[in-house]
Structure formats: structure tokens, C-alpha cells
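# What the coordinates show
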Amino acid sequence: MNFKIKKIDHIQLSAPKGSEDKARKFYIDILGFDEEIKPQALQKNGGVWFKKEGVFLHIGIEEPFHSLKKAHPAIEVENIPLFQAYLEVNGISTQSDNKLPGAIRFYVRDPFGNRLEFLEWRKK
């Protein structure tokens, strides 16, 4: 083969029409992402893009809208117990899961019902 798959460039989740400000409140104000300005040619489609430490997450507008119930991005976090406590103090419900050997992880739902996984691999 003369090609190589290198990495995931970004993850796209969907949200209902007109929900960009709600997305900003969650992804910027709570999770600490920065907004990445969409290219001019794509701005007419709505939605909003976010970035943080090499993680690129796009919220696209989808009508009719259906949130992801099981499919999800998994985002690696340093010091996950503090991050989980921070989310809970800020009113974000978390669901811990101990089924992945070698990892501490939990799930949350964004304001649109999309599932997000956060994990930290245990040091060996």
C-alpha cells in the first residue's frame, strides 16, 4: 500500500438548528474548549467548531435531529478524578464505568444528548 492512515482529524456530533450558543456554553464554558472559526464557505451550514489540546470537535446542525445514544468520542484526560468532580460541581451528571481494563473512565451527555466518554489510562 502506498498510503497511511495517520490519525483522526476531528469528531463531528450533531445538534438541532439554532443551538450554537447552547453548544458554546457547554463546550467552552464547562469543558474549556476554544472555538475554532469555521471557514467562510461552511458558515452558512450553521454549527460550531471547538478545539483543545489536539482534540477537534465539530457540532453540525442536523434536521431532523437525533442525538447519539451509544456512539461517542472518547477523550483522554489527565487527572480524571478532579475533572469528574469539577463537572459534577457544575451540574453535569457523570456515569462512571469500570469495564475497560487499565482505564478510569466516565460518560456524560452534552446538552443535545450526545454521549461523550472521558478516560485516563492507569500508569503501569
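Look above for the structure.
The sections below set out a description of the structure shown in this document.

### Considerations on the sheet that holds strand β5 (residues 74-76)
On the basis of which strands lie adjacent, the open sheet formed by 4 strands has the order β5-β8-β7-β6 and mixed pairing. With partners counted over all chains shown, the strands left at the sheet margins are β5 and β6 (95-97), one partner each. For this sheet, the mean angle separating the axes of adjacent strands, direction not counted, is 25°. Looking at chain direction, strand β7 (residues 103-109) and strand β8 (residues 115-121) are connected through 7 bridges and run antiparallel. When the bridges of β8 are listed, Y107 appears paired with E117. Each of β6, β7 and β8 touches helix α3 (residues 80-89); the most contacted strand, β7, lies at about 20° to it.

### Describing helix α1 (residues 20-30)
Among all positions of α1, only E20, A23, F26, Y27 and I30 are buried. The arc that holds the buried residues of α1, viewed along the axis, is 165°, so those residues lie on one side. Away from its buried face by more than 90 degrees, α1 exposes D21, K25 and D29. Positive backbone phi, approximately 85°, marks G32, located one or two places after α1.

Each value, and the rule that gives it
Think of each chain on its own: its residues are numbered from 1, step by step along the sequence as written. Residue-level local features of this predicted model are given only where pLDDT is at least 70; pairs of side-chain atoms are given and counted only at 80 or more, and the full residue set underlies all totals for whole chains, interfaces and linings. Think of the side-chain values as coming from all heavy atoms in the structure, minus any hydrogens and water. Two strands qualify as a pair provided DSSP detects at least 2 bridges between them. Per the convention used, a helix needs a DSSP run of H or I reaching at least four residues, while a strand needs a run of E reaching at least two, with both numbered from the N terminus. For helices, the fitted line uses only the C-alpha atoms of the stretch in contact; every axis is such a line through C-alpha atoms, and the angle between N-to-C directions lies from 0 to 180 degrees. Residues are treated as being in contact if the distance between any of their heavy atoms lies within 4.5 Å. When a residue's accessible area, from a 1.4 Å probe over protein chains only, is under 20% of the maximum for its type it is buried; when over 50% it is exposed; and in between it is partly exposed. The reported arc concerns the directions from the helix axis to the C-beta atoms and nothing else.

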